[in-house]
Amino acid sequence: MNVPIIILGAPRSGTSVLARILSYHPSVAYENEPRMIWRYGNDGCSDMLRVKHARPEVVRYIRQKFEARVLEKGKLRLLEKTPSNSLRVDFVNEVFPNCKFVHIIRNGYDSVLSIRSFWDSHVSGVQQKKIDQKDSILLQRLKEMHPRQIPYYAAEFASRIMPTHRRAQWGPRLPGMNQWIDDVDLLELCSLQWRFCVERAAMQGRKYGDRYMECRLEGLSVDSIKEIIKFCGLSYSRDVEEYLNKEFVIGQSEKRKSACDHETLEKLHEYIGPTMHWLGHEEE
């Protein structure tokens with residue numbers, strides 16, 4: 001694998017936006033959240049995998065799967081984004097010791113409020129329109145899955161299909177999250193999810209020096225994308241710039257906080273204020 005590009009970031013922080021922009025580079029093969037591949041061999045664990053989980057057979061399987069996909073698409077470089085990788089940067093580094101990490105960070109208030117919106121709308125039951133979609137999430141997971149992983153996820157898939165009154169998990173899976181769902185309010189749960197992802201990605205990623213880069217969703221521009229492309233060791237691509245200018249709307253990511261009520265913002269400050277300060281985000 002020739003220097004894979006791994007996009008890190010908490011859920012709803014701009015990982016999809018950045019990945020789509022970079023995916024227009026002619027040299028990269030973009031893989032969008034191949035969760036089953038990353039979890040192979042550690043299916044019974046949370047997403048917070050550590051170096052000890054990167055056993056030789058696990059590393060070999062993950063590398064072979066990604067290599068096959070890059071070759072199938074006829075590209076030179078792997079571009080991958082899975083928000084759960086923010087919880088396991090050291091593990092990812094064991095799999096791809098020469099990779100480049102690009103960590104995109106969004107203002108915590110907007111990110112947490114967006115995460116909450118997805119938790120609210122993430123109900124069990126598979127809608128017919130999703131079944132009919134060729135690249136539905138369920139079908140994508142089934143295609144990614146190794147047969148030996150089936151027993152671990154049979155219950156999870158059943159919970160997606162069969163309606164239930166209990167809130168279904170969404171996003172990166174923290175240790176003990178099933179209990180958190182019952183014990184803390186949704187806003188605090190989303191705040192914890194955001195904090196764990198951002199803090200672990202930054203603390204572990206910064207150890208890798210010139211193989212790690214941080215950027216802000218609110219600061220994405222033609223110039224910042226050029227810096228990211230240069231950091232990744234890619235050549236300049238007009239296709240990338242044209243897509244950015246056409247699709248990315250500056251300021252769009254900051255609407256949720258401005259529309260939020262004062263009481264919720266006070267709670268958010270309590271939950272994520274220290275992390276925001278640590279990241280250097282200025283608060284209004």
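## Some points on the overall build of the protein chain
Part 1 of the argument: The helix and strand inventory of the protein chain stands at 14 helices and five strands.
Part 2 of the argument: When the 284 residues of the protein chain are sorted by exposure, 51% land in the buried category.
Part 3 of the argument: Once local pairs closer than 6 in sequence are excluded, the contacts in the protein chain between residues at least 24 apart make up 80%.
Part 4 of the argument: Accessible surface computed for the protein chain: about 14,100 Å², of which carbon and sulfur atoms make up 51%.

## So, the sheet that holds strand β2 (residues 28-32)
Part 1 of the argument: Within the open sheet, the five strands sit side by side as β2-β3-β1-β4-β5. Their pairing is parallel. Either end of the sheet is taken by a strand with one partner, and the two such strands are β2 and β5 (212-216). The mean inter-strand angle of the sheet, taken between neighbouring strand axes irrespective of direction, is 20 degrees.
Part 2 of the argument: Note: strand β4 (residues 100-105) against β5, five bridges, orientation parallel. Opposite I104, over in β5, you have C215 as the bridge partner.
Part 3 of the argument: Taken strand by strand, helix α1 (residues 15-23) contacts β1 (5-8), β2, β3 (77-81), β4 and β5, and its axis lies near 160 degrees from that of β3.

## Examining helix α11 (residues 222-232)
Part 1 of the argument: Three or more residues of α11 are buried, namely S224, I225, I228, I229, F231 and C232. Mapping the buried residues of α11 onto a view down its axis gives an arc of 160 degrees, with all of them on the same face. In α11, the exposed residues that point more than 90 degrees away from the buried face are D223, E227 and K230.
Part 2 of the argument: Here the buried face of α11 lies against β1, α1, β3, β4, β5 and α12 (238-247).
Part 3 of the argument: G233, located one to two residues past α11, shows a positive phi value of around 80 degrees.

## Re the confidence of the model for the protein chain
Part 1 of the argument: Across the protein chain, pLDDT averages 86, with 83% of residues at or above 70.
Part 2 of the argument: Confidence drops under pLDDT 50 across residues 124-135; counting only partners more than four residues distant or on other chains, this segment forms 18 contacts.

## Topic: the environment of M36
Part 1 of the argument: Positionally, M36 belongs in helix α2 (residues 35-39).
Part 2 of the argument: Distance from M36 to Q149, taken between C-alpha atoms, is 8.2 Å for residues 113 residues apart in sequence.

## Some points on the pairing of β2
Part 1 of the argument: Most of β2 sits inside the fold, with four of its five residues counted as buried.
Part 2 of the argument: Pairing between β2 and β3: five bridges, direction parallel. Of the residues in β3, the one forming a bridge with Y30 is L79.

Reading the values: the criteria
Residues numbered from 1 in each chain as written. Predicted model: local features only at pLDDT ≥ 70, side-chain atom pairs only at ≥ 80, totals over all residues. Heavy atoms only, no water. Helix = DSSP H or I, 4+ residues; strand = E, 2+ residues; numbered from the N terminus. Buried < 20%, exposed > 50% of the residue type's maximum accessible area, 1.4 Å probe, protein only. Contact = heavy atoms within 4.5 Å. Areas by Shrake-Rupley, 256 points an atom, 1.4 Å probe, with all protein chains shown as cover. Pairing = 2+ DSSP bridges. Axes fitted to C-alpha atoms, helices over the stretch in contact; angles between N-to-C directions. Arc of directions from axis to C-beta. pLDDT = per-residue confidence, 0-100.

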